[in-house]
Structures are given as structure tokens and as C-alpha cells.
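Examination of the molecular architecture
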Number of protein chains: 2
Amino acid sequence: MKNSNILAVDAMGGDFGPSVVVPGALAAAQKCGAKVILVGIESAIQDVLDTLPENLKQADFSILHASQVVEMNEKPSDILRQKKDSSIQVACRLVKEGEAQAVISAGHSGACVACGMFIIGRIPGVERPCLATIMPSKTTPRLILDVGANVECKPYYLFQFGLMGSAFVRDILGYENPKVGILSIGEEEGKGTSTVKEAYDLLKAANNLNFVGNVEGRDIFIGDVDVVVCDGFVGNVALKLSEGLALSLIDILKEELLGNGFMPKIGAFLAKKAFKSLKKKIDYAEYGGAPLLGLQGISFVCHGSSNARAIENAVLMANTYIEKDTHNRLLAILKENEELTSFARSSV
Amino acid sequence: MKNSNILAVDAMGGDFGPSVVVPGALAAAQKCGAKVILVGIESAIQDVLDTLPENLKQADFSILHASQVVEMNEKPSDILRQKKDSSIQVACRLVKEGEAQAVISAGHSGACVACGMFIIGRIPGVERPCLATIMPSKTTPRLILDVGANVECKPYYLFQFGLMGSAFVRDILGYENPKVGILSIGEEEGKGTSTVKEAYDLLKAANNLNFVGNVEGRDIFIGDVDVVVCDGFVGNVALKLSEGLALSLIDILKEELLGNGFMPKIGAFLAKKAFKSLKKKIDYAEYGGAPLLGLQGISFVCHGSSNARAIENAVLMANTYIEKDTHNRLLAILKENEELTSFARSSV
């Protein structure tokens, strides 16, 4: 089931670098039949390859040497100027030049956004690409965007986030007529900041969009919504808060349940199993990567603490994105709403 | 242990009205020795009183008839103009006129804010009162403010929220030198919106404030911080998201643990106990009310779905607020930072 897709993977990215990226990328390549280009310091990649089982190395891959590594404390603008031979820049150039269709990185997310914008380039008419994250819920997973690429947003940015999010979940999560909501502080129309209210009006007027109006914080997990639109400040707070709260609740409950040792052995065993299953349900690694939407190429940004499975799932998702031609679906819905966007842009 | 404090309680507020407010308020009065004035439709209050045990009615209380009731879908401005004899307005006037020191309401929170601002009035120099909520965490509870009174904030509003929050938790939660952080999307100075960055500079320069810099979403639950400052939009999203996520996680885990019936009986019993204990730990009713800080009097706003225990705890907290003279501590820290505030206000 080999296919012709070529995916550029930033092998140096993330807290664990090549040691998790290389096996994750190869596992994905083997599963989906795409070719991966491992971009980074060749010797470091080779060292990891030497430790991997032979069958994993049957995957279709190549190594592209990139001499520089991005540190987490560097500024995106400095990285752009001074790290032209970093793995993330080289990988993005592969996409720009058509030698790969997608880039996947668990590195410095600010650098991923900057390299996406300035190397791969934006879709004409899209002023700000955004980072979208799939959030688990009790029922179906939902997409929240933006989660950090744009701290301050104009109404038509939010409008375009909604359009692009809708196109994405349709293909990638398979929702036929995805419900798109805008995050606010009350369900009624007219609630929220002036930016949210203007974006509301645009989303309501959009073509080919199933806009369901305002949603509240609680709806991110329990509401009847598939795509939640917000600015990158609110989205980033929401994302990190969710991580913190989930970990903290699980910790408290584990202590309550298991800490005292009173739980009978079989009960404790079942409790541990339940926690494991819950963790799997809310584990970001299940979805692996956050798409950077609005670029002329495909880019997925992974959590810095990604494990091999998260990388694998991100690479698989990038492959699906290509297979389903999601990029063209995205272009189509943006085009269908071009006039409305221009109007909103000119009235800012 | 009778004291001379008089607390006005909006008996008609909340989803359950007098049926929970009256017993909650009386229980608190009995515990702390304050007098409560039950404000609302006299016959409705009397009906509830008739059902209560005699010993609860030993509490020091009186009834003040107010003929109008506020509906949840009314606009705060309409309530101010058209519902002059509503329980919330009458209760706020008692505070304004010095006949009570505090008002406690589980009613329409927008109306509570509006009546607080326009009837009780703001502390001179405070442009926007804010709503502060105590959030539980794995370790110590923390205060987050604003959680909805101000959707759009100027930097010096956020600055004053930090000052007032610090004064509040010092007395009410007993933190000697409370750590105040501002919610942003990165720990480093310079992260966040322009408003957050300007507020950061003000908080950093503040007198008598233990400012710890930026905190992130996850820190609300697991960070080393006592007071988290944010605008009312972000705070409201964070609050509701936390409620939704907590409920949803508990639901999922309950299903995993108990749904299949495989858990041995004693294990299931212990699991149920653990859930109960967790719920208590994260239950808003433990703290009862959210103080509306920045007014010339004391006002606590309770969750609409408050039960009698939440009302009781809110009334007790209002009593503590008076006992500890928190209002003067608040005035003091505002005064100590008056010049900085004026400077920030003039440079907007």
C-alpha cells in the first residue's frame, strides 16, 4: 500500500529529539506507505536508526542533513534569520519547493509558525495562519482553534479560523456537516468582546458553514459542537488549563482511591485499568499533531513532550490530509467566503 | 457568640430561590452570630420558614419585603431601571444606606454587578469592580479574577484586580504574602497581549505586592500561585471550562470504573467514596460565593445553582470579610498604589 506522498519530518524537534521522532516517523511511514524524509543532524539520526529493529527500517525513508538545531528559548525571528540550516527551516523549504507535501515538527512551536508563514507562505487572502488542536471529550473529539499562533485577532481572522476548522474536521474527523461555534461568555447572541461579536456576525453570514452560535467554556468538553473558534490567547489558556486540570484531577482521585491501601486488590487493579483507559481517552498523543491551517503547504506541529506514538499519529494525520485533499477543501470554503472576508477586512 | 454584623441576603436569587437561600442564610447566621435580613417576597419567605425546624429559626433574622423578582433573561440595565423593588436592588440599598454591611445573592450575576456598581457604588479610583472566584486545586485554593464582570479590560483594571485579589486572599484564605500572577501564554516576561504586557509592568512595579510574573493556564490548578489575574472574558471561559472538564472527566472515569459491574462490591463502595471526596474538594459550594471587589460595600455573588450549603458558606465568608476588616485592607493597598494607577490611567 505504498503511496506517492512525501513527508518531511523535523527529526531534531521535541523534548526527546530523534530518539522518539525517528521511530515514530518510520512506524507511520510503514503503516501508511508514504515516504518520510528525516531532516536533522545525520549522525544523530543514524545513531537512533542503529538501535531500531530491522523491520522498522523497511519503511520508505531518507535522511537529509541539516546542521543547526533550534533551542527552545530562541526567538522565532532570530531562528528565521540565523538558523537557515536548522531542521525546521530545511524541512519547510522542502515543502515550499514541492519536494515534500507536508512538514511535521515537535520543535519550538513559535519557530514552526514563523517558518510556516515566511518559508511555506500563506494562502493568498489568509492573513494569519492558526494552530488547531483536537480535544477529546466524553463523546466525539472536537477542534479548537487558534491555540496560540495569534494572541490578538481581528474579527475576520476568527472568521477564517472557523472556515478552515470546518474543512479540516470534515475530512480528518469525518464529520459531515460540522457544527462550528465561537467561544464566548454566554450562549445568547450579543455576548462577548466586540471582536467576538463581529466575528459572530461574519460566521452567521458565511456560505457553506454550519454555524451554531456562541459556545461557552464548558461546551469545549460537553457541548454539542465540533469546531470551537477563539483567539490564540484564550485558546492557549484553555488548552493548558485543560491539561493541568485533567492531570490534577486524576492525581487527586488516584490518591483518594489507591493511596490509603484499603482498596481490595482486584478493585485496585480495575481502578488502575480505568485510569489508563481515561488517560488514553484524553491523551493528546492519540491525535499527535496540531495542524497549522492557512499555509500554502501542510504543516503539523506536535507537543514538545511528544512520544513516538504522538509523532506516528501526527505523520499519519498529515498523510490523511494529503489523501483526502483537505487542502483543496480548505481553499474552496475560503473562496466561497472571499467577498465576505474582503468586506470584513476593509471595514476594520 | 452573637456579633453586630448585619447581612442582607437576596432570598429570591438562584435557581431554587427561598427554598435553599432561607435555610442556608439562617444556618450561617446561627453559626457566626450575625443578623441576616432576608430580602424578598414576604409570603414566599414565610412559606419556607414554616417548613424549617424550630432551632434554625432561633437565628437572628428579619424579613424585608421586596415585591419584584428578577428573571434570568432580563438585561442588567432594564433591571436597574424597571425593578427598583426587586430583592437584589433593595438588598443593595440596605448596604448603601448602612443598614447592612454586606449583600449576598445567588441571582442574576449581571444584575448583581450592575446594582453593585450603581447602587452601592465603586471605591473612588476603582473604575471597574471585578468578580473573583476561589478555585480548588490539588494543594491550596487560589483566587482567579475577573471571571466575568469585565469582558474588555484596560491594563490598570487588571492591575487593580491584582491588588484587590491579594488583599482578599490574605484575609479570607489566610495567605500571608500571597503570590500574584497574571494569566498569559508563556512564563517569560513579554508574552501575551499588549494589555497583559502593560498590566505585567504595573504589577511588577506595585507596592506591597508579591508579584510572581506570568502564569499559564495549567498553573491555575497546579502552579505555585495564589491569585491569578485575567480579564473577565478569559476568566469566565476558564471557570466554565473547568466545570465542564471536571464533570466530564468524573463521568468518564465513573463509567470506566463502575459501569461494567466488574468492580468488587467493596471496591465500588470505596470508589464511590473517593468520587464523593473529590467532588467535595472541587465543589464551588465549599466556598459559596464570589466576592465583587472594588465596591464601597461588600457583595458576594453565588452560583445560580447554589444549594443551601453554598449560601451558608457565602454568608459566612461575608461575615469573615467584615470581621477581618478586609475592606480596609483593600482600600490600603489601592491607596499605596494610587500614583501608579493614576499614571497608568492617564497614559491609556
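These figures come from a predicted structure and were not determined experimentally.

Moving on: the relation of the copies chain B and chain A. Screw-axis analysis of chain B against chain A gives a translation of 0.0 Å along the axis, an RMSD of 0.0 Å, and a rotation angle of 180°. The transformation just described matches what one would write down for a two-fold rotation axis. When each C-alpha of chain B is compared by its distance to the rotation axis, Gly-267 of chain B comes out closest, at 2.5 Å.

Now for the sheet that holds strand 2 (residues 35-40) of chain A. Residues and elements named next belong to chain A. Taken in spatial order, the 11 strands line up as 3-2-1-4-11-10-5-6-9-7-8 in an open sheet, and their pairing is mixed. Of all the strands in the sheet, the pair left with one neighbour each is strand 3 (61-65) and strand 8 (210-215). On average, adjacent strands in this sheet sit at an angle of 25° to one another, irrespective of strand direction.

We now examine the side chain of Ser-137 of chain A. All names here are of chain A. Within the secondary structure, Ser-137 sits in the loop between strand 5 (130-135) and strand 6 (142-145). Within the structure, the side chain of Ser-137 is placed 3.0 Å from the backbone nitrogen of Thr-139, a separation counted as a polar contact. Side-chain polar atoms of Ser-137 contact the backbone oxygen of Thr-140, separated by 2.8 Å. Here Ser-137 is in contact with Arg-142 and Phe-221, once residues within four sequence places are set aside.

Since there are 3.6 residues in each turn of an α-helix, residues three or four apart along the chain are aligned in direction. The buried count for helix 5 (residues 109-120) of chain B comes to nine of 12 residues, which makes it a mostly enclosed element. Residues of helix 5 of chain B that are buried make contact with helix 3 (76-82), helix 4 (87-96), strand 4 (102-105), strand 10 (289-293) and strand 11 (298-302) of chain B.

Backbone-to-backbone hydrogen bonds join strands into a sheet, with any given pair of strands oriented parallel or antiparallel. Residue and element names in this part refer to chain B. Read from one edge to the other, the open sheet built from 11 strands follows the order 3-2-1-4-11-10-5-6-9-7-8, with strand pairing classed as mixed. This sheet does not close on itself; its edge strands, each paired only once, are strand 3 (61-65) and strand 8 (210-215). The sheet shows a mean angle of 25° between the axes of neighbouring strands, direction not considered. On top of the sheet, helix 7 (residues 194-205) reaches strand 7 (179-183) and strand 8; it is set at about 160° to strand 8, its chief contact.

Bring the parts together and some accessible area is lost; that lost area is often taken as the interface size. Tallying the contact residues gives 51 residues for chain B and 50 residues for chain A. Both sides of the chain B and chain A interface together cover about 4,800 Å² of buried area, and 77% of this is carbon and sulfur. At the junction of chain B with chain A, the criterion picks out six salt bridges. Its salt-bridge partner being Asp-251 of chain B, residue Lys-138 of chain A comes within 3.5 Å of it at the nearest N-O pair. The interface formed by chain B and chain A holds 10 residue pairs in polar contact (both at pLDDT 80 or more) in total. Going through the elements one at a time, helix 7, helix 8 (219-222), helix 9 (232-259) and helix 10 (265-281) of chain B are the ones with two or more residues in the side of chain B that touches chain A. Of the residues forming the side of chain B that touches chain A, the biggest block, 21 residues, is contributed by helix 9 of chain B. When its residues are assigned to classes, the side of chain B that touches chain A shows 28 nonpolar, 13 polar and 10 charged.

Counted at 1.5 Å a residue, the expected span for helix 10 (residues 265-281) of chain A with its 17 residues is 24 Å, and the 24 Å between its end C-alpha atoms agrees. The set of residues buried in helix 10 of chain A consists of Gly-267, Ala-268, Leu-270, Ala-271, Ala-274, Phe-275 and Leu-278 of chain A. Looking down the long axis of helix 10 of chain A, one finds its buried residues gathered within 160° of arc, a one-sided arrangement. Turned more than 90 degrees off the buried face of helix 10 of chain A, the exposed positions are Lys-265, Phe-269, Lys-272, Lys-273 and Lys-276 of chain A. On its buried face, helix 10 of chain A is in contact with helix 9 (232-259) of chain A together with helix 9 of chain B.

It is worth spelling out the packing of aromatic side chains at this point. Scanning the entire structure with this criterion turns up eight aromatic pairs over all chains. Pairing Phe-168 of chain B with Tyr-321 of chain B gives two aromatic rings, centres 5.9 Å apart and planes at 45°, and the pair type is tilted. Here Phe-168 of chain B is found in helix 6 (residues 155-172), whereas its partner Tyr-321 of chain B is found in helix 11 (residues 308-323), with 153 residues between them in sequence. Seen in terms of ring centroids, Phe-300 of chain B and Tyr-321 of chain B are 5.9 Å apart; in terms of plane orientation they differ by 90°. Their pairing is edge-to-face. Placement of Phe-300 of chain B in strand 11 and of Tyr-321 of chain B in helix 11 is noted, with a sequence separation of 21 residues between them. These aromatic residues form a ring-pair network of at least three members: Phe-168, Phe-300 and Tyr-321 of chain A.

Residues and elements named next belong to chain A. Across all of its chains, the model carries 26 salt bridges over all chains by this definition. The residue Glu-54 makes a salt bridge to Lys-57 at a minimum N-O spacing of 3.4 Å. What makes Lys-57 partly exposed here is its relative accessible area of 22%.

A few words now on the nonpolar core. Membership of the largest hydrophobic core comes to 264 residues, with the highest contact counts inside it found for Phe-168 of chain A together with Phe-168 of chain B. In this structure Phe-168 of chain B touches Ile-134, Leu-143, Leu-173, Pro-291, Leu-293, Phe-300, Met-317, Tyr-321 and Thr-326 of chain B, once residues within four positions along its chain are discounted.

In this section: the side chain of Asp-146 of chain B. Residue and element names in this part refer to chain B. Note that Asp-146 resides in the loop between strand 6 (142-145) and helix 6. Despite its burial, Asp-146 pairs with no opposite charge, the nearest such side chain being Arg-128 at 7.3 Å. In terms of polar contacts, Asp-146 uses its side chain to reach the backbone amide nitrogen of Gly-148, at 3.2 Å. Among the polar contacts made by the side chain of Asp-146, one reaches the main-chain amide nitrogen of Asn-150 at a distance of 2.6 Å.

All names here are of chain A. Position of Ile-119 relative to the elements: it lies in helix 5 (residues 109-120). Assessed through its relative accessible area of 11%, Ile-119 is described here as buried. As for Ile-119 and Ser-248, which are separated by 129 residues in sequence, their C-alpha atoms are 39 Å apart. For Ile-119, the contacting residues outside a window of four places in its chain are Leu-80, Gln-89, Cys-92, Arg-93, Lys-96 and Ala-114.

Once that is clear, we can look at the packing of helix 6 (residues 155-172) of chain A against helix 12 (residues 326-336) of chain A. Residues and elements named next belong to chain A. Running from amino to carboxyl end, helix 6 crosses helix 12 at an angle of 145°, the nearest separation of the two axes being 9 Å. For the crossing formed where helix 6 meets helix 12, the hand is right-handed. In this structure, helix 6 contributes Gln-160, Leu-163, Met-164, Ser-166, Ala-167, Phe-168, Arg-170, Asp-171 and Ile-172 to the contact, and helix 12 contributes Thr-326, Arg-329, Leu-330, Ile-333 and Leu-334. Looking at the contact of helix 6 with helix 12 residue by residue, the classes come out as eight nonpolar, three polar and three charged.

Cut-offs applied
Residues numbered from 1 in each chain as written. Chains lettered and ligands numbered in written order. Predicted model: local features only at pLDDT ≥ 70, side-chain atom pairs only at ≥ 80, totals over all residues. Heavy atoms only, no water. Least-squares fit on C-alpha atoms with pLDDT ≥ 70 in both. Pairing = 2+ DSSP bridges. Helix = DSSP H or I, 4+ residues; strand = E, 2+ residues; numbered from the N terminus. Axes fitted to C-alpha atoms, helices over the stretch in contact; angles between N-to-C directions. Polar contact = N/O pair within 3.5 Å; in protein donor to acceptor, adjacent residues only side chain to side chain. Contact = heavy atoms within 4.5 Å. Buried < 20%, exposed > 50% of the residue type's maximum accessible area, 1.4 Å probe, protein only. Buried area = accessible area lost by both parts, 1.4 Å probe. Salt bridge = Lys/Arg side-chain N within 4 Å of Asp/Glu carboxyl O. Nonpolar A, V, L, I, M, F, W, Y, C, P; charged D, E, K, R; others polar. Expected span 1.5 Å × (residues − 1). Arc of directions from axis to C-beta. Phe/Tyr/Trp six-rings, centres within 6.5 Å; stacked < 30°, edge-to-face > 60°. Core = buried A, V, L, I, M, F, W, Y, C linked by side-chain atoms within 4.5 Å. Lys, Arg positive; Asp, Glu negative; His and termini not counted. Left-handed = near helix turned anticlockwise from the far one by under 90°.

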